[in-house]
Every structure is written in C-alpha cells, then in structure tokens.
Amino acid sequence: RLAPVLIREVTRRTMILGIQQALYTGGVEIPGYIAKCRYYHRQLNPKKLVESRFAAQPSKLTMKQMQRLYAIPDDPILPNVSALTADDIPEVTKKLNHFLDQKTVLRACLSEEEASHFLLPREGVIYSYCIRREPSGPVTDFFSFYIVQSSVINNSKHEAITCGYLYYYFYDTGGDTLSDNSEKERLQAVIKDMLIMAKKQNIDVVNCLDAVTNQDFLSDLRFGPGDGYLRYFI
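Asker: Please explain the overall build of the protein chain as it appears in this structure.
Answerer: Along the protein chain, the regular secondary structure elements total 6 helices and 8 strands. Its C-alpha radius of gyration of 19 Å places the protein chain within 12% of the 17 Å reference for a compact globule of 234 residues. Each of the three principal axes of the protein chain carries a C-alpha extent, and together these read 60 × 50 × 30 Å. Across the 234 residues that make up the protein chain, the buried fraction comes to 38%. Looking at the protein chain alone, contacts between residues at least 24 apart form 70% of all its contacts between residues at least 6 apart.

Below you can see the structure in the form of structure tokens.
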C-alpha cells in the first residue's frame, strides 16, 4: 500500500509550494472525473502477445497471417527522421505547446526545462524523434514514446512484455494549405514512423488513448480497443 503514502507526500510538497489544485489520473470508476479515455493497443509482435495471453488469435487467421496483418516496414516512411537532441528543445517546445493549444482543451504547457527532462532520449526509457523536410531545415513533426515492462505470470515461454506508450507528438498541419484529408494522412505517416521506431526497440505492443487527434489514426493503423479506461480528475 505504497501508493497512498506517495500521494500524501506529493500533496504535502505541492501545498508547501502554494499549489492548491492538481490534475491526476486513475483507472478506477469513481465519481467526479472530468474526462474519460479508452486504451487502444497496436500489436507489433503478435506471436509473443498470443503466447503470453495478452492477445487472442482470431479463429480465422493462422499465426503467419496474423503476423502479416500487423507487419510494418523496417525503415521510416518520412525523410530525415532523427533522435531529439538538446539543440532541438527550444523549437520542439514552442511547436508542441502551439499544437496542443490548437488541438486540446486541457493540456500541459511545458517549459524548455520540463521538455528536456521529459522528452530527451534515455536508453530503455524514453525515445523522441524529430522529422524535417530538409536535413538542415526546421522541425516539422515530432513523436515520442516511453517503455514499460509488464511481467507475464505463470508462462513458460515469456517473463515480460515490452510495452511502448505513445507520448507527446505534433505534426505538420500546413497552416491553411493542407486539407483535412491531407492533415490526417500526415498524422498517420508520423504515427506509422513511430511504430517503426518502436519496433526497432523490440517493443511488443504500443498503447495509446483515444485522446487529442488519435481517433484519426487508430483504425487505419490497426490499433484495437482494449478493456481499460483512464479517467482524469482535478
């Protein structure tokens, strides 16, 4: 029962700083939440997920057919995909905040210090990538994901599943020059490259919520709805 102790300590520290309100999330069904999102899952290693009982194999598909269904390219689709560096932080922070301001009602407003802490790559923890139309040009798109290891209980083949969680992203909306369909296609290309980079890190499944603009890629990129929900509270 460590969670209540940690929550009380976080509350104590924020109160000392004069912060009287906080946003928090929980999977439990209790009254008073301000938003509710559903988890979606995109399989990258269906054979392992079936063997671990994380996913079920459809009765009409063989394992080879299932693997082909969820197969993705080996290399990024968009040009000039590179890992986020400290030099990119000012530009990425500004563009990420602008994107979230356009696409969401309730959001975090990251400082450059916070963006550096949360987004700069750390092996086995967080991976972030910038996309440029030209090698030395401005950042047009950005995506990130973090890794969580989930234990597999009572399984002779696997001890853990490597889960990737879609984190912050933005994509080139083109201002007034892109149609809604073109903007959706750009988003899907960015997220597909995220899946490709996640596969390179030996991630078995990528998880995300039906929040922000995620609904525009979930079905087309074969994300399936899960059983879990995340609720937001103030």
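Asker: Is there a simple way to think about the packing of aromatic side chains in this case?
Answerer: The geometry of an aromatic ring pair comes down to the distance between the two centres and the angle between the two planes. In the structure shown here, the tally under the stated rule is 12 aromatic pairs. Plain terms: the ring middles of tyrosine 24 and phenylalanine 233 are 5.1 Å apart, the flat faces sit at 15° to each other, and that makes the pair stacked. Of this pair, tyrosine 24 sits in strand β1 (residues 24–26) while phenylalanine 233 sits in strand β8 (residues 224–233), and the two are 209 residues apart along the sequence. The class for tyrosine 24 is partly exposed, based on a relative accessible area of 44%. Between tyrosine 146 and tyrosine 165, the ring centres sit 5.3 Å apart and the planes meet at 10°, which makes this aromatic pair stacked. With tyrosine 146 in strand β5 (residues 139–151) and tyrosine 165 in strand β6 (residues 160–170), the pair connects residues that are 19 residues apart, well separated along the chain. Owing to a relative accessible area of 30%, tyrosine 146 belongs among the partly exposed residues under this scheme. In textbook terms, an aromatic cluster arises when at least three aromatic residues are bridged by ring pairs, as seen for Tyr127, Tyr129, Phe143 and Phe145.

Asker: For this particular structure, what's the right way to read the sheet that holds β6?
Answerer: Pairing between sheet strands relies on hydrogen bonds along the backbone, with the strands arranged either parallel or antiparallel. With respect to topology, 8 strands assemble into an open sheet ordered β1-β8-β2-β7-β6-β5-β4-β3, the strand pairing being mixed. Two strands in the sheet have a free side with no partner beyond their single neighbour: β1 and β3 (81–83). Here the strands of the sheet are splayed against their neighbours by 30° on average, with no regard to which way each runs. The pairing of strand β2 (residues 35–43) with β8 spans 6 bridges and is antiparallel.

Asker: What should I look at first to understand the state of the cysteines in this one?
Answerer: Each disulfide is one covalent bond, formed between the sulfur atoms of two cysteines. Within this structure, the stated rule accounts for 0 disulfides. Note on cysteine 109: no disulfide assigned, nearest cysteine sulfur contributed by cysteine 130 at a separation of 19 Å. Of the residues examined, cysteine 109 reaches a relative accessible area of 55% and is grouped as exposed.

Asker: Explain the environment of asparagine 202 to me, please; I cannot follow it from the model alone.
Answerer: Within the element layout of this structure, asparagine 202 appears in the loop between α6 (180–200) and β7 (205–209). Sequence separation of asparagine 202 and alanine 3 is 199 residues, and the distance between their C-alpha atoms is 30 Å.

Asker: What exactly am I supposed to notice about the nonpolar core here?
Answerer: Across soluble globular proteins, nonpolar side chains have a tendency to be buried as a group. Counting 43 residues, the largest nonpolar core has Phe143, Phe145, Tyr169, Ile191, Phe217 and Phe223 as its most contacted members. Broken down by secondary-structure element, the contributors of at least two residues to this core are α4 (89–103), α5 (112–119), β4 (126–132), β5, β6, α6 and β7. Leaving out residues up to four positions away in the same chain, phenylalanine 223 has contacts with Tyr40, His41, Arg42, Ile191, Leu195, Val206, Cys208, Phe217 and Leu218. The next biggest cluster of nonpolar side chains, apart from the first, holds 7 residues, and it includes Ala55, Val152, Ile161 and Cys163.

Asker: What should I look at first to understand the pairing of β2 in this one?
Answerer: On a regular strand, each side chain points to the face opposite its neighbour's, so the side chains alternate between the two faces of the sheet. Sheet analysis places β2 next to β7, joined by 5 bridges and oriented antiparallel. Bridge pairing links arginine 42 to valine 206 in β7.

Asker: Help me out: how do you make sense of the side chain of asparagine 97 in this one?
Answerer: With respect to the element layout, asparagine 97 can be found in helix α4. On the basis of relative accessibility, which here comes to 12%, the residue asparagine 97 falls in the buried class.

The rules behind the values
- Residues numbered from 1 in each chain as written.
- Predicted model: local features only at pLDDT ≥ 70, side-chain atom pairs only at ≥ 80, totals over all residues.
- Heavy atoms only, no water.
- Helix = DSSP H or I, 4+ residues; strand = E, 2+ residues; numbered from the N terminus.
- Rg over C-alpha atoms; globule rule 2.2 N^0.38 Å.
- Buried < 20%, exposed > 50% of the residue type's maximum accessible area, 1.4 Å probe, protein only.
- Contact = heavy atoms within 4.5 Å.
- Phe/Tyr/Trp six-rings, centres within 6.5 Å; stacked < 30°, edge-to-face > 60°.
- Pairing = 2+ DSSP bridges.
- Axes fitted to C-alpha atoms, helices over the stretch in contact; angles between N-to-C directions.
- Disulfide = S-S within 2.5 Å.
- Core = buried A, V, L, I, M, F, W, Y, C linked by side-chain atoms within 4.5 Å.

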